[in-house]
Number of protein chains: 2
Amino acid sequence: MHKHGLVSAVMAGVIGAFVFSATVGAQTDPLPSWNDGAAKQAIVEFVEAVTTENGADYVAPADRIATFDNDGTLWPSHPMYTQLAFALDRIRELAPQHPEWKTKQPFKAVLDNDLEALAAAGERGIVELVMASHAGMTTAEFEAIVSDWFDKVRHPRFKRRYTELAYRPMLELLEFLRANDFKTYIVSGGGVEFMRPMTEKVYGVPPEQVVGSSIKTKYEVQNGKPVLMRLPEVDFIDDKSGKPVGINKFIGKRPIAAFGNSDGDREMLEWTGAGEGARLMMLVFHDDAEREYAYGPADGLPNTKFGTFSQALMDEAKQKGWVVISMENDWKAIFPDTPK
Amino acid sequence: MHKHGLVSAVMAGVIGAFVFSATVGAQTDPLPSWNDGAAKQAIVEFVEAVTTENGADYVAPADRIATFDNDGTLWPSHPMYTQLAFALDRIRELAPQHPEWKTKQPFKAVLDNDLEALAAAGERGIVELVMASHAGMTTAEFEAIVSDWFDKVRHPRFKRRYTELAYRPMLELLEFLRANDFKTYIVSGGGVEFMRPMTEKVYGVPPEQVVGSSIKTKYEVQNGKPVLMRLPEVDFIDDKSGKPVGINKFIGKRPIAAFGNSDGDREMLEWTGAGEGARLMMLVFHDDAEREYAYGPADGLPNTKFGTFSQALMDEAKQKGWVVISMENDWKAIFPDTPK
């Protein structure tokens, strides 16, 4: 080998080593969309603690349960909850079959696009809209209606399908936890049968790991074929103190990590934190009006009905060591560059 | 090598081959406690069909959902449902705190060991007993009570812990399905929080894969510590037409295989069978008075309230191709030789 050959070989080695280490570097950061900071550090340290065998905080894989709220935690809840947008679209679509809605609230408000009257109808009004738009068909028919809606409709501001607006840092977090043998669950106030058609594709969370609100269903045999009819009757509300109830009912184990973004997640985080051993509780704080939204009376941001983050929640987070994620400071990117 | 050496080498080879083939033989029969026959053949052919890639009946692992009833399907339901035995023990234990039970039915019947009066109290009476004995404590306290009971109490006839009476052929079946990437669920009329403390150890089914009846719980913070209080109020009855409802609610996917033993499982098997593609529906028939029990009006056996197998169910099974398992003829053994 002459001199040039030797230099080339050494250079190739150096370059090879560089490429190798760059590759390893990329592989070893499982959370590339997270800026270095307290939030990212809390995640990485927690996962290391519970997965280190013989460590003080080791947790067996079977008990590595992580629960995620959906609206405002995994995807936007503004300008309104995605499911409310779906319900309003359904009401408009069903209106020709219901001439009485032209004069009956809260339906009139929807058909007139009168957001003030809609807001005045309150939660009771929303329940009425959901019952009218989500019941009266089989579970299979409802799934087809939901899937079709997700395919056709675009978010009013971001002009993408709702299913293409999952927060990129949270997708990385879900993947990172699963790569460390966590079982990831969605525990949302949203309707379980509204979420299930899309959670596997969007979040990698299969239907059986989705806990949500529900209406009752009834088994019937129609023309010799069994169906489940959706009834206009509330079965379970998976919000606030309903979240630990739902976790116990559907999972039967206490999570060791829980992620939310609003007052509706408070009890889920309390319940998670009350278990023994290492725990991770985090809240996504919407403080990025430019890239997404900024709201929540905590820290003086504007109020909202779609994901309230109260000062009381912020105080409890500080007191209990829950980690608050600043979308503006902790996240390099909000949405995937190339939506699925 | 002299002659003896050669013979020894050949013998060693023969013995080696024999040992090898015996080992392989044992490994390739995943259901050693099942006699050769239609039931075993149906299982093996079904599993082969849904796991053969590019085959007409192939099912992706994520959709390989199998649901099992518990009482009478995975363990005995005689002389009474295990959970009823637990409830009666609890009533006796709590009696000193409830002097009024001495004169009030159905409690008086329990304390007097008056099975006739207890039967006369009917299902409503049983619900009253369950409410009185299963509510009024936290979920954690109830779990400890149940675990303690399972540890201390023995089955009146078999003199083993109830958790040591899982049917050996069904344990092999559960294991065989899981080895073929099935997710195995229990879908039982029994209480979900009565089963969860033991299903992982006994059946290899984790808490989150147990669907059952439930009473309501309420989230409370007691002395700064969050608890879930068990309320004397029915939440969900996972029996008969409640089984497909529960499957849809908790799993969100239709099973491709379902196993039961009584009229309470009829709708679960119908719902399972109504899906497209290969399906396996099986019913355990209790016709073995010598080794276990024989009951069910079908085939003229004595009637029972604990796992009725009606003639109508037998007729539907024949009409729809559901496989009826004869405990006497299909099972080589009923219980594990060496209980866990």
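Our structure's up above, just so we're on the same page.
Residues numbered from 1 in each chain as written. Chains lettered and ligands numbered in written order. Predicted model: local features only at pLDDT ≥ 70, side-chain atom pairs only at ≥ 80, totals over all residues. Heavy atoms only, no water.

Asker: Help me understand the relation of the copies chain A and chain B in this model?
Answerer: Both copies of the chain are related by a screw-like operation: a rotation about an axis and a shift along it. The two copies are related by a screw operation: chain A maps onto chain B through 180 degrees of rotation and 0.0 Å of translation along the axis, at an RMSD of 0.0 Å. The superposition of one copy onto the other is thereby described by a two-fold rotation axis. Across chain A, the smallest distance between a C-alpha and the rotation axis is recorded for A:F250, namely 3.2 Å. The residues that chain A uses at the interface reappear at the interface of chain B in 94% of cases, marking a shared surface. (Least-squares fit on C-alpha atoms with pLDDT ≥ 70 in both. Contact = heavy atoms within 4.5 Å.)

Asker: So what exactly am I meant to see when it comes to the sheet that holds strand β6 (residues 280-285) of chain A here?
Answerer: In any sheet, the strands associate via hydrogen bonds between backbone groups, in a parallel or an antiparallel arrangement. All names here are of chain A. Within the open sheet, the seven strands sit side by side as β4-β3-β2-β1-β5-β6-β7. Their pairing is mixed. For this open sheet the edge positions go to β4 (225-236) and β7 (323-326), each flanked by a neighbour on one side alone. If you compare each strand with its neighbour and ignore which way they point, the axes differ by 30 degrees on average. The pairing of strand β1 (residues 65-68) with strand β5 (residues 257-260) spans three bridges and is parallel. Considered in β5, the bridge of F68 is made with F259. Relative to the sheet, helix α5 (residues 115-134) contacts β3 (210-222) and β4, its axis offset from that of β4 by approximately 175 degrees. (Pairing = 2+ DSSP bridges. Helix = DSSP H or I, 4+ residues; strand = E, 2+ residues; numbered from the N terminus. Axes fitted to C-alpha atoms, helices over the stretch in contact; angles between N-to-C directions.)

Asker: Whenever I open this one, the side chain of B:S33 confuses me. Can you help?
Answerer: Relative to the helices and strands, B:S33 resides in the loop between α1 (3-28) and α2 (38-51). Within the structure, the side chain of B:S33 is placed 3.5 Å from the side chain of B:R168, a separation counted as a polar contact. (Polar contact = N/O pair within 3.5 Å; in protein donor to acceptor, adjacent residues only side chain to side chain.)

Asker: Got a minute to help me understand the packing of aromatic side chains in this structure?
Answerer: In this description, an aromatic ring pair is defined by two values, namely the gap between the centres and the angle between the planes. Residues and elements named next belong to chain A. Under the definition given, this model contains 41 aromatic pairs over all chains. Their ring planes at 5 degrees and their centres at 4.5 Å tell us that W101 and F107 sit as a pair that is stacked. Residue W101 shares its accessibility class with F107, and that shared class is buried. Counting every residue linked through ring pairs, the aromatic cluster contains W75, F86, F142, W149, F150, Y162, F194 and Y203. (Phe/Tyr/Trp six-rings, centres within 6.5 Å; stacked < 30°, edge-to-face > 60°. Buried < 20%, exposed > 50% of the residue type's maximum accessible area, 1.4 Å probe, protein only.)

Asker: Whenever I open this one, the interface of chain A and chain B confuses me. Can you help?
Answerer: Where interface size is given, it is often the accessible area lost as the parts come together that is meant. Counting residues at the interface gives 31 residues for chain A, matched by 29 residues for chain B. Between chain A and chain B lies a buried interface of about 2700 Å² when both sides are counted; carbon and sulfur atoms form 52% of it. The largest share of the area that chain A buries against chain B comes from A:E208, A:Y219 and A:K249, three residues that together contribute 24% of it. One can count six salt bridges joining chain A with chain B. For the salt bridge of B:E208 with A:K183, the shortest nitrogen-to-oxygen distance reads 2.9 Å. Taken together, chain A and chain B are joined by 16 residue pairs in polar contact (both at pLDDT 80 or more). For the side of chain A that touches chain B, the secondary structure elements donating two or more residues are β2 (183-191), α8 (192-203), β3, β4, α9 (242-250) and α10 (266-273) of chain A. (Buried area = accessible area lost by both parts, 1.4 Å probe. Salt bridge = Lys/Arg side-chain N within 4 Å of Asp/Glu carboxyl O.)

Asker: Honestly, a nonpolar patch on the surface in this entry has me stumped. Any pointers?
Answerer: The grouping of A:V127, A:V234 and A:I237 at the surface amounts to a nonpolar patch, some 230 Å² of accessible area in total. Here A:V127 is to be found in helix α5. (Patch = residues over 30% accessible without salt bridge, like charges linked within 9 Å, V, L, I, M, F, W, Y side chains within 5 Å. Areas by Shrake-Rupley, 256 points an atom, 1.4 Å probe, with all protein chains shown as cover.)

Asker: Would you explain the environment of B:K243 in this entry?
Answerer: Residue and element names in this part refer to chain B. With respect to the helices and strands, K243 occurs in helix α9 (residues 242-250). A relative accessible area of 1% means that K243 is categorised as buried. It is 9.5 Å that separates the C-alpha atoms of K243 and S213, two residues lying 30 residues apart in sequence. In this view, K243 contacts D69, V187, S188, G189, D238, G264, D265 and M268; residues no more than four positions away in its chain are not counted.

Purely geometric numbers; function is a separate question.
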